[in-house]
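Structural features, examined
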Amino acid sequence: MPHPAQTCRWHAYPTTGELSQAAAQQILRSARQAIARHGYFSIVLAGGNSPRQVYELLRTSDADWLRWQVYFGDERCLPPQDPERNSRMAAEAWLDHVAIPPSQIHPIPSELGPEQATAAYTKTLETAGEFDMVLLGLGEDGHTASLFPGQAWGIEQGAPPVMAVFDSPKPPPQRVSLSAARLGQAHEVVFLVTGVGKRQAISEWRSGKAIPAGAIAPPAGVDVYLEKLLLDRPG
Ligand code: 6PG
């Protein structure tokens, strides 16, 4: 499968705190611009731990929350209140503390299991259109969302928007993920990359090796916010 051409802009910061501050400012700026442009701001949230500080900064920020539409890039198949759910982390760090109407927050119903949740979220996304912003993380093996090396990434144009995952190497094994093609249907894509264990994945990404993160190819390119230490050559 040919690898889509991806334009990357690398934004390196000395600390996670500075990275998170800069990323939060880009999100808020993009929200203002999107709301001015078409009356709302649709954002897809990243899972894992890297976005937590960004979400906590958004929690105490001033924004036109009533115009935000929140989606999720992937979810682990766990009960809704499980502390390992991506939706639970975002709620605790941010969404439970701002005035985004609950009807405008669209968690992936992964408690239904991979197949049913995929069908349900495919329907949810029918009215989403192009996302204004997609946030993504990066795994040590180069994965993003729940798109893993050696598995289907949904790169091709006709790829389904949402995919069921049954054998994730990162627990839990069952997940739901937006496809690479659907994640790339965005005005902006921002990666948040923290943790020294990502150094090899960053090196492979920058050298052009085909990794899932490199398959996210929105027309305007992607912004990668990373810790400066990740640019050092892997040991
Ligand atoms: C998940 C995420 C996953 C995550 C990366 C990075 O459900 O775990 O969707 O893609 O973003 O694994 O995770 P950290 O930010 O915790 O390193």
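Figured I'd write up the structure that's included with this text. (Residues numbered from 1 in each chain as written. Predicted model: local features only at pLDDT ≥ 70, side-chain atom pairs only at ≥ 80, totals over all residues. Heavy atoms only, no water.)

1. Some thoughts on the overall build of the chain
Applied cut-off: Secondary structure is summarised from DSSP: a helix means a run of H or I of at least four residues, a strand means a run of E of at least two, and numbering begins at the N terminus for each. Three labels apply to residues, based on accessible area from a 1.4 Å probe with only protein chains included: buried if under 20% of the type maximum, exposed if over 50%, partly exposed otherwise in between. Only heavy atoms matter for contacts: two residues are in contact if any of them lie within 4.5 Å across the pair. To be clear on the numbers: accessible area is Shrake-Rupley with a 1.4 Å probe, and residue cover counts the displayed protein chains and nothing else. Only four residue types enter the tally: Lys and Arg on the positive side, Asp and Glu on the negative side; His and the chain ends are excluded. Here the site of a charge means atom NZ of a Lys, CZ of an Arg, CG of an Asp or CD of a Glu.
Of regular secondary structure, the chain possesses 6 helices and 9 strands. Considered along the principal axes of its C-alpha atoms, the chain spans approximately 45 × 40 × 35 Å. Among the 235 residues that make up the chain, the fraction classed as buried is 53%. Summarising the internal contacts of the chain: among those between residues at least 6 apart in sequence, 79% fall at separations of at least 24. Approximately 10,100 Å² of the chain is accessible, and the part contributed by carbon and sulfur atoms is 52%. Both charge centroids of the chain, one from 20 positive and one from 24 negative side chains, sit 4 Å from each other.

2. Focus on the environment of Ile-27
In this fold, Ile-27 is placed in helix 1 (residues 16-38). The exposure class assigned to Ile-27 is buried, which follows from its relative accessible area of 0%. Sequence-wise, Ile-27 and Val-134 are 107 residues apart; in three dimensions their C-alpha atoms are separated by 9.8 Å.

3. Quick word on the sheet that holds strand 5 (residues 131-136)
Worth spelling out the cut-off: At least two bridges found by DSSP between two strands is the condition for calling them paired. Lines fitted to C-alpha atoms define the axes, with helix axes restricted to the stretch in contact, and inter-axis angles between N-to-C directions lie between 0 and 180 degrees.
Strands sit in the order 1-9-8-5-2-3 across an open sheet of 6 strands; the sheet is parallel. Only two strands of the sheet have a single partner each, and these edge strands are strand 1 (8-13) and strand 3 (68-72). Going across the sheet, the axis of each strand differs from the next one's by a mean of 20 degrees, ignoring polarity. With 6 bridges connecting them, strand 1 and strand 9 (residues 222-227) associate as parallel partners. Paired with Trp-10 across the bridge in strand 9 is Val-224. Contacts from helix 6 (residues 199-206) reach strand 1, strand 8 (186-193) and strand 9 within the one sheet, and its direction differs from that of strand 1 by about 150 degrees.

4. What to know about the pairing of strand 7 (residues 175-178)
Residues Arg-175 and Ser-177 line one face of strand 7 and the alternating positions Val-176 and Leu-178 line the opposite face, and both faces are buried. One ladder, built from 3 bridges, connects strand 4 (residues 74-76) with strand 7; its direction is antiparallel. Bridging across to strand 7, Asp-74 finds its partner in Ser-177. As paired strands, strand 6 (residues 162-165) and strand 7 are joined by 4 bridges and run antiparallel to one another. Among the inter-strand pairings, Val-162 is bridged to a residue of strand 7, identified as Leu-178.

5. With respect to the packing of aromatic side chains
Note the following rule: Planes of paired rings set the category: under 30 degrees apart is stacked, over 60 is edge-to-face and the rest tilted, where pairs are Phe, Tyr or Trp rings (Trp by its six-membered ring) whose centres lie within 6.5 Å.
Summed over all chains, the structure comprises 9 aromatic pairs. Seen in terms of ring centroids, Trp-68 and Trp-94 are 5.9 Å apart; in terms of plane orientation they differ by 80 degrees. Their pairing is edge-to-face. Pair noted here: Trp-68 is in strand 3 and Trp-94 is in the loop between helix 3 (86-93) and helix 4 (114-124), with a separation of 26 residues, a long-range link. Here the two residues Trp-68 and Trp-94 agree in accessibility, since each one is buried. Here the aromatic residues Phe-41, Tyr-55, Trp-65, Trp-68 and Trp-94 are joined through ring pairs into a cluster of three or more.

6. A few points about the side chain of Glu-75
Using the following cut-off: Identification of polar contacts relies on pairs of N or O atoms within 3.5 Å, with a donor-acceptor requirement for protein atoms, meaning one able to donate a hydrogen and the other able to accept it, and with residues adjacent in sequence counted only if both atoms are side-chain atoms.
Examined against the element boundaries, Glu-75 turns out to sit in strand 4. What makes Glu-75 buried here is its relative accessible area of 0%. Of note is the side chain of Glu-75, whose polar atom sits 2.9 Å from the backbone nitrogen of Ser-87.

7. Overview of the site of the ligand
Under the convention used in this document: Neighbouring residues are identified by heavy atoms, a residue being near a molecule or strand if any of them is within 4 Å of it. Ten residues, namely Ala, Val, Leu, Ile, Met, Phe, Trp, Tyr, Cys and Pro, are considered nonpolar, four, namely Asp, Glu, Lys and Arg, are considered charged, and the remaining ones, Gly among them, are considered polar.
The full set close to the ligand counts 15 residues, and Ser-50, Asp-74, Arg-76, His-143 and Ala-145 are the nearest of them. Contact distances for the ligand include 2.6 Å between an oxygen atom and a side-chain N or O atom of Asp-74. Within the contact set of the ligand, an oxygen atom lies 2.7 Å away from a side-chain nitrogen or oxygen of Lys-170. Burial of the ligand by the protein amounts to 92% of the accessible area it has alone, namely 410 Å². The residue inventory of the shell around the ligand, partitioned by class, reads 2 nonpolar, 8 polar and 5 charged.

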